[in-house]
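Notes for the structure review
Now for the letters of each chain:
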Amino acid sequence: MTAGISVNLRSATPPYAQIRAQIAALITAGTLAPGARLPTVRSLAADLGIAAGTVARAYRELELAGLTETRRRNGTVVAATPALHAAAGVQVAAGAEVIAAVDRYIAQGRGAGLDDAALLTILRARLGRSYG
């Protein structure tokens, strides 16, 4: 399941937050269906080359958000009815669209040779504008 999950150790965002956000996005977009089993903490940590505690923290936060459940024999699975879906309704689809747009922005920026700092500078400048 590590396909699509990566950690940028140079990012200002902590690795656990990167993992949490990526898995949440996969759940929100429906790529990970209810009942889908996530890799074990140790397995994902080994695949990403990071500490198991980092993955464990991401998994704990996903569970606290109601997106996953931890079951003794089955490990960590996507919640049957993720709280995000129930609470956000239509916002879930909008959130997935925004995540996809951000992913495109990053890909285009990197394709143009921009580093993370430059991408963040552009984004912050745009966020400073008033829209409405």
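Residues numbered from 1 in each chain as written. Predicted model: local features only at pLDDT ≥ 70, side-chain atom pairs only at ≥ 80, totals over all residues. Heavy atoms only, no water.

Looking at the layout of surface pockets
If you add up the space inside the largest pocket, you get close to 1,100 Å³. What lines the largest pocket is a set of 29 residues, and nearest its centre among them are Gln18, Gln22, Val102, Asp103 and Ile106. Looking at the lining of the largest pocket, the elements that each hand over two or more residues are helix H1 (15-28), helix H5 (90-111) and helix H6 (116-127). In terms of residue count, H5 provides more of the lining of the largest pocket than any other element does, 8 residues in total. In the lining of the largest pocket, the residues fall into 16 nonpolar, 8 polar and 5 charged. (1 Å grid on protein atoms, 1.4 Å probe; cavity = no way out; pocket = protein on both sides within 12 Å on 5 of 7 lines; lining within 4 Å. Points joined across faces, edges and corners; volume = space filled by probe spheres on them. Helix = DSSP H or I, 4+ residues; strand = E, 2+ residues; numbered from the N terminus. Nonpolar A, V, L, I, M, F, W, Y, C, P; charged D, E, K, R; others polar.)

Regarding the packing of helix H2 (residues 41-48) against helix H3 (residues 52-64)
Direction vectors running N to C along H2 and H3 enclose 120°, while the axes themselves pass 8 Å from each other. Between H2 and H3, the crossing angle belongs to the class labelled oblique. Classified by chirality, the crossing of H3 by H2 is right-handed. Here H2 contributes Val41, Leu44 and Ala45 to the contact with H3, which in turn contributes Ala52, Val55, Ala56 and Tyr59. Its residues assigned to classes, the contact of H2 with H3 comprises 7 nonpolar, no polar and no charged. (Axes fitted to C-alpha atoms, helices over the stretch in contact; angles between N-to-C directions. Parallel < 35°, antiparallel > 145°, perpendicular 65-115°, else oblique. Left-handed = near helix turned anticlockwise from the far one by under 90°. Contact = heavy atoms within 4.5 Å.)

A few points about the packing of H1 against H3
The geometry of H1 relative to H3 is characterised by a closest axis approach of 8 Å and an angle of 45° between their N-to-C directions. In terms of orientation, H1 and H3 fall into the oblique class. For the element pair H1 and H3, the recorded crossing hand is right-handed. On the side of H1, the interface is formed by Pro15, Tyr16, Ile19, Arg20, Ile23 and Ala24, while H3 contributes Thr54, Val55, Arg57, Ala58, Tyr59, Glu61 and Leu62. When the residues that make up the contact of H1 with H3 are grouped by side-chain class, the tally is 9 nonpolar, 1 polar and 3 charged.

Some words on the pairing of strand E2 (residues 75-78)
In the sheet, strand E1 (residues 68-71) pairs with E2 via 4 bridges, with the strands oriented antiparallel. Of the residues in E2, the one forming a bridge with Glu69 is Val77. Counting the residues in the hairpin turn of E1 and E2 gives 3 residues. (Pairing = 2+ DSSP bridges.)

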